[in-house]
Amino acid sequence: MKDSFVIKGNIIWSETNKELKSVENGYLVIKDGIVEGVFNTLPDEHKDLDFIDADNDLVVPGLVDLHVHAPQFAFRGTNMDLELMDWLNTYTFPEESKFSDTSYADRVYSYFTDAIKKSATTRMVAFSSLHVEGTLILMDKMEEIGIRSYIGKVNMDRNSPDELREESPEKAAQDTERWLKECVKRGYRYTKPIITPRFVPSCSDELMEKLSKIRKEWRLPVQSHLSENMGEVEFVKELAPWSKFYGDAYDRFGLFGDGCIMAHCVLSGEEEIELMKRNGVFVAHCPESNENIKSGIAPVRKYMDKGINVGLGSDIAGGTTESIFDAAVDAVKVSKLYWRLVDDSIEPLSFADAFYLATKGGGAFFGKVGSFEKGYDGDVLILSDDSIPFPRYLSPTERLERFAYLHGDRTGIKGKWVKGNKVL
Ligand code: GUN
Ligand code: FE
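Residues numbered from 1 in each chain as written. Chains lettered and ligands numbered in written order. Predicted model: local features only at pLDDT ≥ 70, side-chain atom pairs only at ≥ 80, totals over all residues. Heavy atoms only, no water.

Draft legend 1. Summary view of the nonpolar core. Membership of the largest hydrophobic core comes to 109 residues, with the highest contact counts inside it found for F112, Y250, M276, F325, L383 and L400. Within the second largest apolar cluster, 16 residues are counted, among which are I7, L28, I382 and W417. (Core = buried A, V, L, I, M, F, W, Y, C linked by side-chain atoms within 4.5 Å. Buried < 20%, exposed > 50% of the residue type's maximum accessible area, 1.4 Å probe, protein only.)

Okay, here's the thing in structure tokens:
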């Protein structure tokens, strides 16, 4: 069977955020795409499976990007001088408006999916732009590379330029339904739609109502942005004066529950945090973006301690890189600044915390994903750190931390499987 195999190597995974588990020179068994277990010696019953010798390499679960903007890929790493609302209006909206041109969309999405294929990411939740055809081009390309993803056609009908604004809530809803029907017709196996109101400043109440109805009818998850930046939060107070807090402006429309991902949550107050917990909302923590567009530092430790679902996001092009290893390291670094500069009662994240967020934390959005516990999907990476030599013994977990800090993923990804399917 193609999706049943054994990998021998130095195996590392998270079960909780407290510690990394590892077995040196161990055996990871995947059967029918599902993890059977990690063993010190290979049990007789698995001896007939295909055998992959990863030798001295590291073997870890695939990483999960819970928040990324695919159409912003081409302009990442430029124009880092403005805060969110000005950054959107000055650079981002003009760039996304170019995706009405399908040949431009084709070119950028080819670069994007090529980078994702070569990265450590095995699962992804992404925004496209508001354009139906462009979104389908992205979905076709994601399907080809075999990564499992949710992709959202963006909805926006206010506070943006004519060339990037839907003409009415009715037209936006019609386009969303046309897109959903086309997704069914194309019969994607790995690529699923997700309802995507861009954020409260971009979506009228009428549009939110229509999206909520579509979400219920089609039983789809939701992604959006929440409490990212001070200017945005103030603007939401003006636009939705009836809301008790930002998250309430989604919740009123049934867009803030189980199966919802909210990116950022840098400035969430206690009531909003309580509602996220109660409703099972996922927080996509995007530390690099929060630095670049000067949003601040999300109190992720606090969210984790409260039992809120948290994963990591690259948030390209607020973030510059698709590397979720980088996002994990950035999450540790900014949490130390938060502890030092904001609140020394909130303990900084360890690397074990961050690796958990990068794998099992974000993976929970997809089900049993992001660990090597029995019954989890067989999402696997083989990582070589040969390009960063070391003169003495390091444990597998020390090597993994070093691999992350020293950007080992740029050259060191030697194999990648998603639910047992080899994709690299
Ligand atoms: N809020 C609404 N749109 C965006 C976006 O494209 N990027 C970020 N970082 N925040 C947003
Ligand atoms: Fe974003």
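Draft legend 2. Examining the sheet that holds strand β14 (residues 309-312) more closely. Sheet architecture is open: four strands sit in the order β11-β12-β13-β14, paired in parallel fashion. Only two strands of the sheet have a single neighbouring strand rather than two, namely β11 (222-226) and β14. Within this sheet the neighbouring strands show an average axis-to-axis angle of 30°, counted without direction. Alignment of strand β13 (residues 282-285) against β14, held across four bridges, turns out to be parallel. Each bridged residue has a counterpart across the sheet, and for A284 the counterpart in β14 is G311. Those strands touched by helix α11 (residues 324-342) are β13 and β14, and its axis lies near 120° from that of β14. (Pairing = 2+ DSSP bridges. Helix = DSSP H or I, 4+ residues; strand = E, 2+ residues; numbered from the N terminus. Axes fitted to C-alpha atoms, helices over the stretch in contact; angles between N-to-C directions. Contact = heavy atoms within 4.5 Å.)

Draft legend 3. Local environment of the sheet that holds strand β17 (residues 421-422). Judged by pairing direction, the sheet is mixed, and its seven strands sit side by side in the order β3-β2-β1-β4-β15-β16-β17 without closing on themselves. Single-partner strands in this sheet number two, and they are β3 (34-39) and β17. Across four bridges, strand β15 (residues 380-383) lies against strand β16 (residues 413-418) in antiparallel orientation. Residue pairing across strands places V380 opposite W417, the latter belonging to β16.

Draft legend 4. Geometry of the environment of Y393. Examined against the element boundaries, Y393 turns out to sit in the loop between β15 and α13 (396-405). The class of Y393 is exposed, set by a relative accessible area of 54%. A polar contact is formed between the side chain of Y393 and the side chain of E24, at a distance of 2.9 Å. (Polar contact = N/O pair within 3.5 Å; in protein donor to acceptor, adjacent residues only side chain to side chain.)

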